[in-house]
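The residues making up each chain are set out below.
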Amino acid sequence: MNNLAIARVLTEIGDLLEIKAENPFKIRAYRNAADTIAHLGTPIAEMSDEDRRGIPGIGKDLAGKIAELIETGSARYHQELLQEFPPSILDLLHLQGVGPKTVAALFHGLGIRTLEDLELAARGGRIRSLKGMGAKKEALILKALEDRQRFTGRRLMVEAADAAASLVAALREYAPDADISPVGSLRRGCETCGDIDILAAGAPPSIMDAFTSYTLVERILARGETKSSVLIRGGFQADLRVVPKDSLGAALQYFTGSKAHNIALRDRAISRGCKLNEYGLFRVDTNEFVAGADEPGIYAALGLAFVPPELRENRGEIDAAEAGTLPRLVTREDLRGDLHMHTTVTDGRADAETMARAAQASGLDYIAITDHSQALAMANGLDEARALDHAAAIRALNGRLDGIRVLAGIECDIRADGTMDLADDCLAQLDIVIASIHSAFSMDETQMTERILRAIANPHVDIIGHPTGRLILKREGYRIQLERVLTAAAEAGVAMEINSQVDRLDLDDTKARIAKEHGVKIIIDSDAHSTAGLGALRWGALTARRAWLEPADVLNTQPLDAFLGSLRRNRTRHT
DNA sequence: GCCGTTTTCGGCCCGACTGTTTTCAGTCG
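Since the structure is predicted, the reported quantities are computational estimates derived from the model, not experimental observations.

**Observations concerning the overall build of chain A**
- A count of helices and strands for chain A gives 24 helices and 17 strands.
- The C-alpha atoms of chain A give 26 Å as radius of gyration, which agrees with the globular expectation for 575 residues (25 Å, within 12%).
- Taken over the C-alpha atoms alone, chain A extends approximately 80 × 60 × 50 Å along its principal axes.
- Buried positions account for 52% of the 575 residues belonging to chain A.
- For chain A, the share of sequence-separated contacts (at least 6 apart) that also reach a separation of at least 24 residues comes to 67%.
- For chain A, the accessible surface area stands at approximately 25,000 Å², while carbon and sulfur atoms represent 51% of it.
- In chain A, 69 side chains carry a positive charge and 82 a negative one; their mean positions are 5 Å apart.

**Concerning the packing of helix α20 (residues 445-457) against helix α21 (residues 482-492)**
- Between α20 and α21, whose axes approach to 10 Å, the crossing angle comes to 5°. Relative to α21, the element α20 is oriented roughly parallel. Residue-level contacts link T449, E450, I452, L453 and I456 of α20 to R484, V485, A488, A489 and A492 of α21.
- Classifying every residue of the contact of α20 with α21 gives seven nonpolar, one polar and two charged.

**Notes on helix α17 (residues 352-361)**
- For α17, every residue scored as buried is listed here: A352, M355, A356 and A359. Viewed along the axis of α17, the buried residues span an arc of 100°, placing them on a single side of the element.
- The inward-facing, buried residues of α17 abut β12 (366-372), α18 (384-397) and β13 (405-413).
- G363 sits one or two positions beyond α17 and adopts a positive phi of about 100°.

**Quick notes on α21**
- All of the buried residues along α21 are L482, V485, L486 and A489. Angular distribution of buried residues about the axis of α21 spans 95°; they occupy a single face of the element.
- Looking one or two residues past α21, G493 carries a phi angle of roughly 75°, positive in sign.

**Regarding the sheet that holds strand β9 (residues 280-283)**
- Pairing in this open sheet of three strands is antiparallel, and the strands run β8-β9-β10 from one edge to the other. Of all the strands in the sheet, just β8 (274-277) and β10 (289-291) have a single pairing partner and so form its edges. Mean inter-strand twist for the sheet, computed between neighbouring axes without regard to direction, equals 35°.
- Two strands pair when backbone bridges link them, and β8 and β9 are joined in this way by four bridges, in the antiparallel orientation. Within the sheet, the bridge partner assigned to L276 lies in β9 and is L281.
- In the packing of helix α14 (residues 259-271) onto the sheet, the strands contacted are β8 and β9, and the crossing angle to β8 comes to about 155°.

**What about the packing of aromatic side chains?**
- In the structure shown here, the tally under the stated rule is seven aromatic pairs.
- Judged by centre distance (5.5 Å) and plane angle (55°), the ring pair of F85 and F107 falls under tilted. Of this pair, F85 sits in the loop between α5 (76-84) and α6 (89-93) while F107 sits in helix α7 (residues 100-110), and the two are 22 residues apart along the sequence.
- Taking 5.7 Å as the distance between ring centres and 70° as the angle between the ring planes, the aromatic pair formed by F282 and F289 counts as edge-to-face.
- The class for F282 is buried, based on a relative accessible area of 15%.
- When the ring centre of Y77 is taken as origin, the NZ or CZ atom of K65, which lies over that ring, is 4.8 Å away.
- Above the plane of the ring of F441 lies R475, whose end atom (NZ or CZ) is 4.2 Å from the centre.

**A short note on the protein's contact with DNA strand B**
- By nearness alone, 49 residues border DNA strand B, and R28, G97, T102, Y254 and R266 come closest of all.
- At a separation of 3.3 Å, a phosphate oxygen of DNA strand B approaches a polar backbone atom of K137.
- In the environment of DNA strand B, a phosphate oxygen lies 3.0 Å from a nitrogen or oxygen atom belonging to the backbone of K227.
- In terms of residue class, the surface near DNA strand B is made up of 17 nonpolar, 13 polar and 19 charged.

**A few points about the packing of helix α1 (residues 3-19) against α5**
- Running from N to C, α1 and α5 cross one another at 40°; their axes reach a closest spacing of 10 Å. One element, α1, and the other, α5, form an angle in the oblique class. Of the two possible hands of crossing, α1 and α5 adopt the one that is left-handed. Every residue of α5 that contacts α1 at V9, E12, I13, L16 and L17 is listed here: Y77, H78, L81 and L82.
- Looking at the contact of α1 with α5, its residues break down into seven nonpolar, one polar and one charged.

**Re the layout of surface pockets**
- Considered as a void within the structure, the second largest pocket measures approximately 340 Å³ in volume.
- Lining the second largest pocket we find 19 residues, and of these H372, L376, H438, H466 and R504 sit closest to its centre.
- Across the lining of the second largest pocket, the residue classes break down as six nonpolar, seven polar and six charged.

**Examining the pattern of salt bridges**
- For the structure on display, the rule yields 35 salt bridges.
- A salt bridge links E278 to R241, with the nearest nitrogen and oxygen atoms 3.1 Å apart. Taken together, the residues span a long stretch of sequence, with E278 in the loop between β8 and β9 and R241 in strand β7 (residues 236-243) at a distance of 37 residues. No difference in accessibility class separates E278 from R241, as the two residues are buried.
- Taking the shortest distance from any N to any O, the salt bridge between K511 and D508 comes out at 3.7 Å.
- Where salt bridges share partners, they join R188, E313, D509 and R546 into one cluster.

**Digging into the pairing of β7**
- Counted residue by residue, β7 has eight buried out of eight residues, so it is predominantly covered.
- In terms of strand pairing, strand β6 (residues 227-232) meets β7 through six bridges, oriented antiparallel. Within the sheet, the bridge partner assigned to V230 lies in β7 and is A238.
- In sequence, β6 turns back onto β7 through a hairpin of three residues, with G234 there showing a positive phi of about 100°.

**Quick notes on the state of the cysteines**
- Taken as a whole and assessed by the stated rule, the structure comprises zero disulfides.
- Left without a disulfide partner, C190 is nearest to the cysteine sulfur of C193, which lies 6.2 Å away.
- Free of any disulfide, C412 has its nearest neighbouring cysteine sulfur in C426, separated by 7.9 Å.

Conventions used here
Residues numbered from 1 in each chain as written. Chains lettered and ligands numbered in written order. Predicted model: local features only at pLDDT ≥ 70, side-chain atom pairs only at ≥ 80, totals over all residues. Heavy atoms only, no water. Helix = DSSP H or I, 4+ residues; strand = E, 2+ residues; numbered from the N terminus. Rg over C-alpha atoms; globule rule 2.2 N^0.38 Å. Buried < 20%, exposed > 50% of the residue type's maximum accessible area, 1.4 Å probe, protein only. Contact = heavy atoms within 4.5 Å. Areas by Shrake-Rupley, 256 points an atom, 1.4 Å probe, with all protein chains shown as cover. Lys, Arg positive; Asp, Glu negative; His and termini not counted. Charge placed at Lys NZ, Arg CZ, Asp CG, Glu CD. Axes fitted to C-alpha atoms, helices over the stretch in contact; angles between N-to-C directions. Parallel < 35°, antiparallel > 145°, perpendicular 65-115°, else oblique. Nonpolar A, V, L, I, M, F, W, Y, C, P; charged D, E, K, R; others polar. Arc of directions from axis to C-beta. Pairing = 2+ DSSP bridges. Phe/Tyr/Trp six-rings, centres within 6.5 Å; stacked < 30°, edge-to-face > 60°. Lys NZ or Arg CZ within 6 Å of the ring centre and 35° of its normal. Near = heavy atom within 4 Å. Polar contact = N/O pair within 3.5 Å; in protein donor to acceptor, adjacent residues only side chain to side chain. Left-handed = near helix turned anticlockwise from the far one by under 90°. 1 Å grid on protein atoms, 1.4 Å probe; cavity = no way out; pocket = protein on both sides within 12 Å on 5 of 7 lines; lining within 4 Å. Points joined across faces, edges and corners; volume = space filled by probe spheres on them. Salt bridge = Lys/Arg side-chain N within 4 Å of Asp/Glu carboxyl O. Disulfide = S-S within 2.5 Å.

Here it is in structure tokens:
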């Protein structure tokens, strides 16, 4: 069983326990563990029992259940719970406005087991026969069933960012003196977002009207003095919170999350005789306001260095903030070059010169043109002769450009057997080579690992492109033994890419962090297929920040000469 | 179920909004 499968079982146990009205802290323990394991990076199946128990939030009991899952593929405790409740009942729990208490009442009171049962009962007016439920609740449930398809699940960060930007612009126009900004997972730079959270500090109460009457609002879920929720066209839920200006910092902290980070921070507040909420940090005994006007003030009052939003996942950042060892995170502005892009010679939409001028305008000092190799026939991939002609044309381009340097490279396919799609003497004549997999995804883990190891062993390969091949929300990455790949890359001096395409972000944050721990250097690049595509670097940089990367971890933060010198092909060989 | 330079037992984050209510439980983030 892999980490995600184990996490799913633990989450399901948590959900079932909640319907059973078990101890809420026990439920939290299961969910915490599920979240931790889902983001672990290394396969928990390969860890020793002792190492597993060293993971925060995993104790004797959970370690036992995890071992049982790995050894037998299921857990007795989980199966026992499923004897009590049919698994289809969990679908009910995921409806908007339906929680564990409602699910339990529906199941025990009316025998409702499925979404179909629920719809029939609601239409038949039978829900209102239950204690604490009325006609409105019935209507709410029917709405939730209706919205289920359109408004469930997470979406790509870029879609949330776009939707949030228009909404924030509209609100700022309404209340120009207020501090209005996106918070939540969007501010943390998460690769997907489930909803859009917006904070308005110092806005007049009437901003709620501006919010609920925003042109794209389809339905109002809640409307209060300080908090409202709406569904907007395109499938997002958006929440607006209003606080006084004095509470700006506390509210930013509170609504940026994550939940796990906030719980840990409030724990810390309690241990220091304080209480932390969205209005500020207060002494419990005197109710004295300690901090809250600005966000760094909250962290300082708790004895912590300011934690950048991207790190707030309770993955070690609080200890690091206490010890003063937080990284100085890389920024988009630190990037001097972009080493992966395509032109009209293969499947891009602009020629090399247009791409170069656009890159220069975006503040870059150097780029590499890396069109596809021949295996990608549908993209008009290059054979050796065309690749070398293209390289000559790219180098000639430098004579017409001033202030930006263009490198001649290739994104060369890694064939199924691990050999490169172009001959070594061709690759040797280029300035930079990215090796990527675009075919035969469904190999087993060992074969796929050997395939990439063979590519790393080729002395002309500088970078492994989108190393796991995942497409966010669409396709899981191919299965590889990441540790082996990273160890080999570190030894060979091959860099790993963070591909900035919004549906790739590959390596992802967790894996890029592990790469850094293995001493592997990272290259953040856009994989642009048009001039607009160059803007994607922003998302790659966010992912790198979530991976705790500093400028020194990222090769293309360096000036051109130093960058070239750090490429595998140009490094002095140690024998 | 986890966790402990106060604790191996007794803690475990916090507040807003809704609906069905005469004071609050349930849900959500």
